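Chains, contacts and geometry: an overview
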Amino acid sequence: MKLKRITALLLSMAVMVGTLAGCGGSNSDGGGAQTSQKENTADKEADTAGAEDTGSGEAASANGTIEFWNDKMANVEQTALDAMIGAIHEASGYTLDMIPYPDTASYQTAMQQTVRDAKAPGLFTWWSGPQLQTLVENGLVEDLTSVWESAIFDAGVSQGVADAFTFDGKIYAAPWSVLYNVVLYNKTVFDQYGLKEPETFDEFLQLCEDLKSNGVAPIALKSDSWAGFIWFQALLAAKDVELYKGICDGSIKYTDERVAEVMGIWKDMLDKDYFSVPMDYGTDVRTAFAKGEVAMMLEPHVEFAGMRKDFDMKEGESIDAFVVPAMDGGKRTIFFEAAPLCVSSFSGQKDDAVKILETWYSEDVQNVLHKEFGYTNTSKVTVDTPTVKKILDATADADNYQMVLRFYENTPDKLRDFVLDELMKFQLKYSGVDEMLNAIQAEADAVFGN
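What counts as what
Residues numbered from 1 in each chain as written. Predicted model: local features only at pLDDT ≥ 70, side-chain atom pairs only at ≥ 80, totals over all residues. Heavy atoms only, no water. Helix = DSSP H or I, 4+ residues; strand = E, 2+ residues; numbered from the N terminus. Contact = heavy atoms within 4.5 Å. Buried < 20%, exposed > 50% of the residue type's maximum accessible area, 1.4 Å probe, protein only. Polar contact = N/O pair within 3.5 Å; in protein donor to acceptor, adjacent residues only side chain to side chain. Pairing = 2+ DSSP bridges. Phe/Tyr/Trp six-rings, centres within 6.5 Å; stacked < 30°, edge-to-face > 60°. Lys NZ or Arg CZ within 6 Å of the ring centre and 35° of its normal.

**Section: the environment of N70**
Following the sequence through the fold, N70 ends up in strand 1 (residues 65–70). When near neighbours in sequence (up to four residues on either side) are disregarded, N70 contacts M98, I99, P100, Y101, Y107 and T125.

Structure follows, in structure tokens:
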């Protein structure tokens, strides 16, 4: 076993650490594992590294127990995990064997080594967009269309989420979490200076100026290397959501004059110090926001639960949210990230894994996930705060809002990581608009074959 563990460690080190997916690198999906969980993960990773592809289809576990691998639950308190596992067992009769990995690199290594094996987990989380598409094209995940049609749609999961997991007309995943990206603001600060949510983009810029003039950093700037796309996508979509979509699929060049115009607006905001100094999200941004040193941060809505738990910020009283207004006064864009919950096609547990998803989206289970983790994956979740309800109502208001998959999952990963690096250089003022866009377009030409 010691040799296997060394082998697993070497494999983990050999895998290049992918850019962490959005808030997957923050605290949104939980953080440090219990000791028993860590030991379980280490054993699983070691066994995975030494596993052979049997292709036998034998069940990897029995007695209604299904392994659930993920890289999102390593820091979650045991009480929250127990509540989730209990709710799922009550609804489905199945028991989850939770295998949380402490980081993305070790998780990806383990999945790469076991995904074609009968010992692969029945359920596992992944990333949507091109990364999910790769699994689909290689026949590694099950078609879940029938489960959507018989249970998941009826439970109140939107068509937009299904679209994020659809390839060639078939749905290959269910949502582990659906996170809506909105501008969270410190309502105490807003009230102190007589400020209100902006109705237009010009009002948004004026809001930033008013906060700055009162000695408050208007917007938090993350130092996290993956986070450069957050305001890039927000401003592009505020200009024209089709411009954003064209950038993602290669039909519009990064050097397009409209993109340059948006980048000019962003540069002006940076030059006017509408963004804070770069800060680590987990250790600095959240604290600064709670103290009122930073007034706004563009984050997934589940952060309400974290700010309530860690800083006693109450929705509607000391914290609230809005969506960035469109520059032309049209629909506002809500970016969402949907983490896929997949069934391994080679797993001996796959049939049971498909069955457990038939009740996974029941109100009782989803209410527990909302209470413990802040997830609101279905329209039937019991929401206990007016602020979260306001966001959910907005996602269903097609006349005034549009739901769009975020940049991280919406562009080829071979290009994405390069773009993230260039955007971070731009945010830190190490490069200018033309220099950045020309560099990105050169890479985009190679990726899209232009």
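**Description of the side chain of T378**
Positionally, T378 belongs in the loop between helix 16 (363–373) and helix 17 (386–395). With relative accessibility at 4%, the residue T378 sits in the buried group. A distance of 3.5 Å separates a polar side-chain atom of T378 from the backbone nitrogen of V381.

**Structural notes on the pairing of strand 1**
On a regular strand, one side chain projects to one face of the sheet and the next to the other, so that they alternate. A large share of strand 1 lies buried, amounting to five of its six residues. The sheet contact formed by strand 1 and strand 2 (residues 95–100) spans six bridges and is parallel. Paired with W69 across the bridge in strand 2 is I99. Relative to strand 3 (residues 123–125), strand 1 runs parallel, the two sharing two bridges. Among the inter-strand pairings, F68 is bridged to a residue of strand 3, identified as L123.

**Comments concerning the packing of aromatic side chains**
Scanning the model with the defined rule gives 25 aromatic pairs in all. Both rings, one in F204 and one in W231, keep their centres 5.9 Å apart while their planes meet at 15 degrees; by these two values the pair is stacked. In this pair, F204 is assigned in helix 9 (residues 201–213) and W231 in helix 10 (residues 229–239), connecting sequence segments 27 residues apart. Both rings, one in F232 and one in F407, keep their centres 5.6 Å apart while their planes meet at 85 degrees; by these two values the pair is edge-to-face. Note that F232 is positioned in helix 10 and F407 in helix 18 (residues 407–410), a separation of 175 residues in sequence. F407 matches F232 in its accessibility class, with the two residues each being buried. Through pairs of rings, three or more aromatic residues link up here, namely Y185, F190, F201, F204, W231, F275 and F322. Positioned above the aromatic ring of Y281 is the side chain of K222, whose terminal nitrogen or guanidinium carbon lies 4.5 Å from the ring centre.

**Focus on the environment of D191**
Relative to the elements of secondary structure, D191 occurs in helix 8 (residues 187–192). Of the residues examined, D191 reaches a relative accessible area of 46% and is grouped as partly exposed. In sequence terms D191 and E317 are 126 residues apart; their C-alpha atoms lie 9.8 Å from each other.

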